[in-house]
Amino acid sequence: MLLPVIFYYHRLNCYSFNALAGAIDASPELSGLKIDIALNAARLRACASERVRRHGRAVVAFSVLTCQLKRTGSIIQELRSDLGSNVVIIAGGAHATACPEDLLEMGADCVIRGEAELAFPKLLGSIMQGDWIRGSITGEPVDIEAFASFSPGRGMFGPIEITRGCAFACSYCQTSHIFGTRLRHRSVDTIVRQAETLRSINRKVVRLLSPNAFSYGSSDGRVLNLDAVRELLHGLRTRLGPSARIIFAHFPSEVRPEHVTPDTLDLLKEFADNDEIVIGAQSGSRRMLDACRRSHDVKSVLNAVVTARRYGYKIIVDFIFGLPDETEADLKETFSLMDEVVGRGARIHPHIFAPLPQTAFADREPGRLSPEVNSALNRIRSRGGLYENKSRTGDQM
Ligand code: SF4
């Protein structure tokens, strides 16, 4: 029986939906399933209404970050008031994983916690058969080798996820709670095959997605496996040729400062095309770095910037303001590090602390931009040292 499925394809969640579309493609029972993409709430309502009018029912899927919770609740209410029980609402993503009851209370029918490549197609199959129940389901960690990061047939493309999971479990970050502290790497062959798919439809840019780019192939995410990084980048370059643009250690990924070394930069220089890298620093205070469980010191941030500049890279450095218990003295140290890295040619990407469920800082107050931080950022801006795309930490998925 035909089941119209609509993705609320927001820019903050599009990579998740690309992967879900890839998972649907890999599910023989769902071959031929049509997916509509709605880029905003008005289109979502219009599309869901039209599908229900034509087919009697529709499934709407949300992926929800904590910063999107309130807005998602309003959209769910609107859909419910338009379409009643003819719309089946499924929610997944970081907030749904941590607090499924929030989404159920807001009116979602089913919540998928964790990884959805297996659970989502299975749930759609059950809905088709009329054999599903309201509530939350736990999606088990999947073998990422078995799925694509996107769906070529549906025109849904994005970065290729090369690694899932992060060993560090920083106090403000959900990644390790959602995907685990054990790293799962896609094989070079699979990544190259996905990249070749992109090239076959004239997509020039091949972006690699990872919580910590240089940890590719590492067993613990801390001790690097440079042979694996070389094999990956060399494999991509050899098979894609010189006209492809390979983007590594840049948005939507970043690198840890202690991993920016001559060895890693040599590989980047030899095989990748980006002239800029993104480094996670978060604070210039040793006390704050320890509270965040960053497992690196302030000096490693400066070393990373100096080394990357020596290699001619432009640099964006992430900082978080308003961290729990941040004092004036901590801020002073952060401002001093910002001044220093900007003086060496880097730009600052500021974030404001947002408490995220499941994390060590979940119960702490949200950060705010204090007048001191504002004036420090204005000073940095006047020197041309600000990367102007402010987001809360919850946007960094
Ligand atoms: S902030 Fe980066 S290093 Fe820390 S847990 Fe998140 S992904 Fe891992």
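Refer to the structure above for everything that follows.
Below: a short report on this structure.

Parameters and conventions
- Residues numbered from 1 in each chain as written.
- Predicted model: local features only at pLDDT ≥ 70, side-chain atom pairs only at ≥ 80, totals over all residues.
- Heavy atoms only, no water.
- Pairing = 2+ DSSP bridges.
- Helix = DSSP H or I, 4+ residues; strand = E, 2+ residues; numbered from the N terminus.
- Buried < 20%, exposed > 50% of the residue type's maximum accessible area, 1.4 Å probe, protein only.
- Right-handed = clockwise from strand over helix to strand, strands pointing away.
- Near = heavy atom within 4 Å.
- Nonpolar A, V, L, I, M, F, W, Y, C, P; charged D, E, K, R; others polar.
- Expected span 1.5 Å × (residues − 1).
- Axes fitted to C-alpha atoms, helices over the stretch in contact; angles between N-to-C directions.
- Contact = heavy atoms within 4.5 Å.

### A closer look at the sheet that holds strand E10 (residues 205–209)
Pairing is parallel in the open sheet, where 3 strands are placed in the order E7-E10-E11. Strand pairing shows two members of the sheet lacking a second neighbour, strand E7 (160–161) and strand E11 (245–247), which therefore form its edges. For E7 and E10, the ladder comprises 2 bridges, and the chain directions are parallel. Bridge pairing in E10 links Ile160 to Leu208.

### Overview of the pairing of strand E3 (residues 58–63)
For E3, a buried count of 6 out of 6 residues is recorded, marking the element as mostly surrounded by other parts of the structure. Burial of E3 is two-sided: the residues Ala58, Val60 and Phe62 facing one way and the residues Val59, Ala61 and Ser63 facing the other way are all buried. Sheet topology places strand E1 (residues 5–8) next to E3; 3 bridges connect them, and they run parallel. Looking at E3, one finds that Val5 is bridged to Val59. With 6 bridges connecting them, E3 and strand E4 (residues 87–92) associate as parallel partners. Looking at E4, one finds that Ala58 is bridged to Val87. Of the crossover connections in this fold, the one passing from E3 over helix H3 (residues 69–83) to the parallel E4 is right-handed.

### Details of the pairing of strand E13 (residues 314–321)
In terms of burial, E13 is a largely internal element, 7 of the 8 residues being buried. In the sheet, strand E12 (residues 276–282) pairs with E13 via 6 bridges, with the strands oriented parallel. Residue pairing across strands places Gly280 opposite Asp318, the latter belonging to E13. Judged from the 7 bridges that link them, E13 and strand E14 (residues 346–352) form a sheet pairing that is parallel. Looking at the pairing, Phe321 lines up with Ile352 of E14.

### Concerning the site of the ligand
Inspection of the region around the ligand gives Cys166, Phe168, Ala169, Cys170, Tyr172, Cys173, Thr175, Ser176, Pro211, Arg256 and Arg294 as its neighbouring residues. By residue class, the composition of the shell around the ligand is 7 nonpolar, 2 polar and 2 charged.

### Some words on unusual backbone geometry
A cis amide bond links Phe251 with the next residue in sequence, Pro252, at an omega value of 0°. Structurally, Pro252 can be placed in the loop between E11 and helix H10 (262–271). Non-glycine residue Ala169 carries a positive phi angle of around 45°. Tracing the backbone through its elements, the reader meets Ala169 in the loop between strand E8 (163–164) and helix H7 (175–179). Phi angles above zero are rare outside glycine, and Ala249 is one such case at about 65°. Ala249 sits in the buried class, given a relative accessible area of 0%.

### Here's the deal with helix H12 (residues 298–310)
For H12, spanning 13 residues, the distance from its first C-alpha to its last is 19 Å, which sits close to the expected 18 Å at 1.5 Å a residue. With its phi angle positive at about 85°, Gly312 sits one or two positions after the end of H12.

### A few points about the sheet that holds E4
Pairing is parallel across the open sheet formed by 6 strands, whose spatial order is E2-E1-E3-E4-E5-E6. This sheet does not close on itself; its edge strands, each paired only once, are strand E2 (35–38) and strand E6 (135–139). Taking the axes of each pair of neighbouring strands and ignoring which way they run, one obtains an average angle of 25° across the sheet. Pairing analysis gives 5 bridges linking strand E5 (residues 110–114) to E6, with the strands arranged parallel. Residue pairing in the sheet places Cys110 in a bridge with Gly135 of E6. Here helix H1 (residues 14–25) sits on the sheet and contacts E1, E2 and E3; the angle it forms with E1, its principal contact strand, is near 155°.

Purely geometric stuff here, so don't read any function into it on its own.
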